[in-house]
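Observations on the three-dimensional arrangement
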Amino acid sequence: MLAYGFCAAVGAVGLILLLALLGWWIYIHISPFHVTVGRIPGPRFYFPLLGNILEVAGGLDHVLRIFQETWTKKYGEIYRIFLGSHCYVAISSPELLETILSSQKVIDKGVSYDMLLPWLGAGLLISSGELWRSRRKLLTPAFHYTILKSYFEVFNEQSRILSGIFEGLCRSFPGGKGEIDVYPYITRCSLDIICEASMGTRIEAQTQDSDYVRAVYRIGQLILEKMLRPWLEHPWVFSKSALGREHDQLLGTLHAFTDGVVRERRKALCEEENNVPEERETGFSMRNRTVV
C-alpha cells in the first residue's frame, strides 16, 4: 500500500512537471514577446528559468569571450540571449548603438538596472521618464564646451600616464612585442579621469592601489556574476548569499568614499562661494582638486 502511494506521488509529480514543460513550450511559441524576439538570431534555449546560462557557465573571462567574440561571430552584430527569465539583446554595431544612445525617447531601463540602484542610486544612468529628463536638464550645464575645455589638462595628463604604462609594458616584452589585456588599464585611466573631472578628486588609480579602486572594479564583476545566477534574483536570497554579503561590504567602501568627497566639496564650495562667481553660474566646480 505504501509503495503504491509512493509511486502515485512520483507519477503525479512527473505529470505536473510534464504539463509545466508543455505549457512553457506552448507559451514561448505563441507569446507575442517570444515570437518577436525569436526573429532575432541567437542561441536556442531549452531549459525554463535558466535560458542560456548553462552555455556561459564558467569564469568571467569565459563569459565575456562568449558574449563579445563567440556569439558575435556566430550570430552577427545583434543577437538575443536569455539569462534566467530575462531576455537581453546584445549589440556590437556602432551605428545601432548610436541610434539607441542618442535617443531621448527610448530611455526606459530594463529591470536589470535595478541591480545598480544600491550603488548608483536613481541618477541619470538608471532613471527613466520625467525623472530622467529632470536629471538630464540639471547636468546639461556640466557638458558646456567652456566647462569641458577646462578638463583638457586632466584628459591629457591621465592619457600621458597611460601611455607611459603601455610603454613600460612594451619594453618588458622580448623584442618590444607581445599581447596584453588593455581593459584593466583603460578602466583605471577612465576612473582617474571621471573622479577628477566630476568630483575634483584625484585617486591615482593608474599608479596606486586602494580599497575604493578595488571595490569599483569588483562590484562590476559581482553584478555580472549575479545576472548569471537567477536563483539570487530575490533580494532576501541574495542578501543571505556569499555574493550578497560581499556586495554589502563593497557598497560600504564605495559610499564611504563618495560621502567623504561630497563633504569635502561642500566645505570647499562654502569657503570659495564669494570668490568664484563662475561656479555659481553653472552650478559646477571647475578644477579644485582633492588628492586621496
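Parameters and conventions
Residues numbered from 1 in each chain as written. Predicted model: local features only at pLDDT ≥ 70, side-chain atom pairs only at ≥ 80, totals over all residues. Heavy atoms only, no water. Helix = DSSP H or I, 4+ residues; strand = E, 2+ residues; numbered from the N terminus. Rg over C-alpha atoms; globule rule 2.2 N^0.38 Å. Buried < 20%, exposed > 50% of the residue type's maximum accessible area, 1.4 Å probe, protein only. Contact = heavy atoms within 4.5 Å. Areas by Shrake-Rupley, 256 points an atom, 1.4 Å probe, with all protein chains shown as cover. Disulfide = S-S within 2.5 Å. Salt bridge = Lys/Arg side-chain N within 4 Å of Asp/Glu carboxyl O. Core = buried A, V, L, I, M, F, W, Y, C linked by side-chain atoms within 4.5 Å. Expected span 1.5 Å × (residues − 1). Axes fitted to C-alpha atoms, helices over the stretch in contact; angles between N-to-C directions. Parallel < 35°, antiparallel > 145°, perpendicular 65-115°, else oblique. Left-handed = near helix turned anticlockwise from the far one by under 90°. Nonpolar A, V, L, I, M, F, W, Y, C, P; charged D, E, K, R; others polar. Domains from an automatic or database assignment. Buried area = accessible area lost by both parts, 1.4 Å probe. Polar contact = N/O pair within 3.5 Å; in protein donor to acceptor, adjacent residues only side chain to side chain.

Another aspect to go through is the overall build of the chain. Each helix and strand counted, the chain has 13 helices and 4 strands in total. The C-alpha atoms of the chain give a radius of gyration of 25 Å, which is well past the 19 Å a tight globule of 292 residues would have. Structurally, the chain occupies a C-alpha span of about 90 × 55 × 40 Å along its principal axes. Taken across its 292 residues, the chain has 28% of its residues classed as buried. A fraction of 52% describes how many contacts in the chain between residues 6 or more apart in sequence connect residues 24 or more apart. Surface summary for the chain: the accessible area is close to 19200 Å², and the carbon and sulfur share equals 62%.

A few words now on the state of the cysteines. As enumerated under the stated definition, the model contains 0 disulfides in all. The cysteine Cys 195 is free of any disulfide, with Cys 189 supplying the nearest cysteine sulfur at 12 Å.

Take the pattern of salt bridges next. Within the structure shown, the criterion is met by 10 salt bridges. Between Glu 130 and Arg 133 there is a salt bridge whose closest N-O contact spans 3.7 Å. Taken together, the residues Glu 130 and Arg 133, both in helix 6 (residues 129-139) and 3 residues apart, mark about one turn of the helix. Among the salt bridges present, the one from Asp 211 reaches Arg 214, with a minimum N-O distance of 2.3 Å. With a gap of 3 residues between them, Asp 211 and Arg 214 both fall in helix 10 (residues 211-227), about one helical turn apart. According to the relative accessible area criterion, Arg 214 is partly exposed, its value standing at 41%. Linked by salt bridges that have partners in common, Glu 157, Glu 196, Arg 202 and Glu 204 make up one network.

As a further point, take the nonpolar core. In this structure, Leu 191, Ile 203, Tyr 212, Ile 219 and Leu 254 are the most contacted members of the largest nonpolar core, which totals 22 residues. Residue assignment for this core shows that the elements contributing at least two residues are helix 9 (183-199), helix 10 and helix 12 (242-272). Here this core takes 7 residues from helix 10, the largest share from any one element. Setting aside residues no more than four positions away along its own chain, Leu 254 makes contact with Trp 119, Tyr 212, Ala 215, Val 216 and Ile 219. Among the nonpolar cores identified, the runner-up in size contains 13 residues, and Ile 53, Leu 60, Ile 66 and Tyr 75 belong to it.

We now examine helix 12. Between the first and last C-alpha of helix 12 there are 45 Å, a value that for 31 residues agrees with the 45 Å anticipated at 1.5 Å per step. Taken together, the buried residues of helix 12 touch helix 5 (117-120), helix 9, strand 3 (201-202), helix 10 and helix 11 (235-240).

Where helix 9 meets helix 10, the closest approach of the two axes is 12 Å, and the angle between their N-to-C directions is 120 degrees. When the axis of helix 9 is compared with that of helix 10, the two are oblique. Crossing of helix 9 over helix 10 shows right-handed handedness. Taken together, the residues of helix 10 that come into contact with helix 9 (itself represented by Tyr 183, Pro 184, Thr 187, Arg 188, Leu 191 and Cys 195) are Tyr 212, Val 213, Val 216 and Tyr 217. For the contact of helix 9 with helix 10, the residue count by class is 8 nonpolar, 1 polar and 1 charged.

Before going further, it helps to examine the domain arrangement of the chain. Here the domain parsing of the chain yields domain 1 (39-106) and domain 2 (140-268). Using only C-alpha atoms to locate each centre, domain 1 and domain 2 end up separated by 25 Å. When domain 1 packs against domain 2, close to 770 Å² is buried across both sides, 80% of that on carbon and sulfur atoms. When the buried area of domain 1 at its contact with domain 2 is split by residue, Ile 53, Leu 60 and Leu 83 rank highest and sum to 53% of it. Linking domain 1 with domain 2 are 0 salt bridges. Applying the counting criterion to the domain 1 and domain 2 interface returns 1 residue pair in polar contact (both at pLDDT 80 or more). No other element matches the 3 residues that helix 3 (residues 60-75) contributes to the side of domain 1 that touches domain 2. Here the residues of the side of domain 1 that touches domain 2 are counted per class, giving 9 nonpolar, 2 polar and no charged.

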